[in-house]
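# A closer look at the structure
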Amino acid sequence: QVQLVESGGGLVQAGGSLRLSCAASGRTFSTYGMGWFRQAPGKEREFVAAISSSGGSTSYADAVKGRFTISRDNAKNTMYLQMNSLKPEDTAVYYCARMFSFVGRSSWSRQGAYDYWGPGTQVTVSS
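Okay, so let's go over this structure. (Residues numbered from 1 in each chain as written. Predicted model: local features only at pLDDT ≥ 70, side-chain atom pairs only at ≥ 80, totals over all residues. Heavy atoms only, no water.)

Quick look at the sheet that holds strand β7 (residues 68-73) now. Sheets are built from strands paired through backbone hydrogen bonds, the pairs being either parallel or antiparallel. Taken in spatial order, the four strands of this open sheet run β1-β3-β8-β7, and their pairing is antiparallel. Here the strands that pair on one side only, and so sit at the sheet edges, are β1 (4-7) and β7. Looking at each pair of strands side by side, their axes are set apart by 15° on average, direction ignored. Two strands pair when backbone bridges link them, and β1 and strand β3 (residues 18-24) are joined in this way by four bridges, in the antiparallel orientation. Within the sheet, the bridge partner assigned to S7 lies in β3 and is S21. (Pairing = 2+ DSSP bridges. Helix = DSSP H or I, 4+ residues; strand = E, 2+ residues; numbered from the N terminus. Axes fitted to C-alpha atoms, helices over the stretch in contact; angles between N-to-C directions.)

Below, the structure is given as structure tokens:
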């Protein structure tokens, strides 16, 4: 059983930065792609960013491109999301998730491509 736990959320002013972490249990972290999603109040959960198992390939939603950076440290079983130039519309619960094996890049933004999810961490951006 895989457990994912997010941390690093909080309250920040617009224009500020936060770094989210996702700690994973188990010894197979380095063999799976990972992703970040978010859900704002009253809205559907949406894709934010994803990263390949090695960290060599990444993908971003247009809304965060140029402001957010996804990365991972396989030696620490941890994935990160560096969020800069935060906007009030970035306010949401942020979830990390592990991809199923052999998910093609074209499917990285689909929630159905992920099998394990963390409980989420709240990010609130004030204006």
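Still more ground to cover, so stick around.
This next bit is on the pairing of strand β4 (residues 34-39). Most of β4 sits inside the fold, with five of its six residues counted as buried. Pairing between β4 and strand β5 (residues 46-51): five bridges, direction antiparallel. Bridging across to β5, G35 finds its partner in A50. Between β4 and the antiparallel strand that follows it, β5, lie six residues; G42 among them carries a positive phi value of about 75°. The pairing of β4 with strand β9 (residues 92-99) spans six bridges and is classified as antiparallel. The residue bridging R38 from the neighbouring strand is Y94, located in β9. (Buried < 20%, exposed > 50% of the residue type's maximum accessible area, 1.4 Å probe, protein only.)

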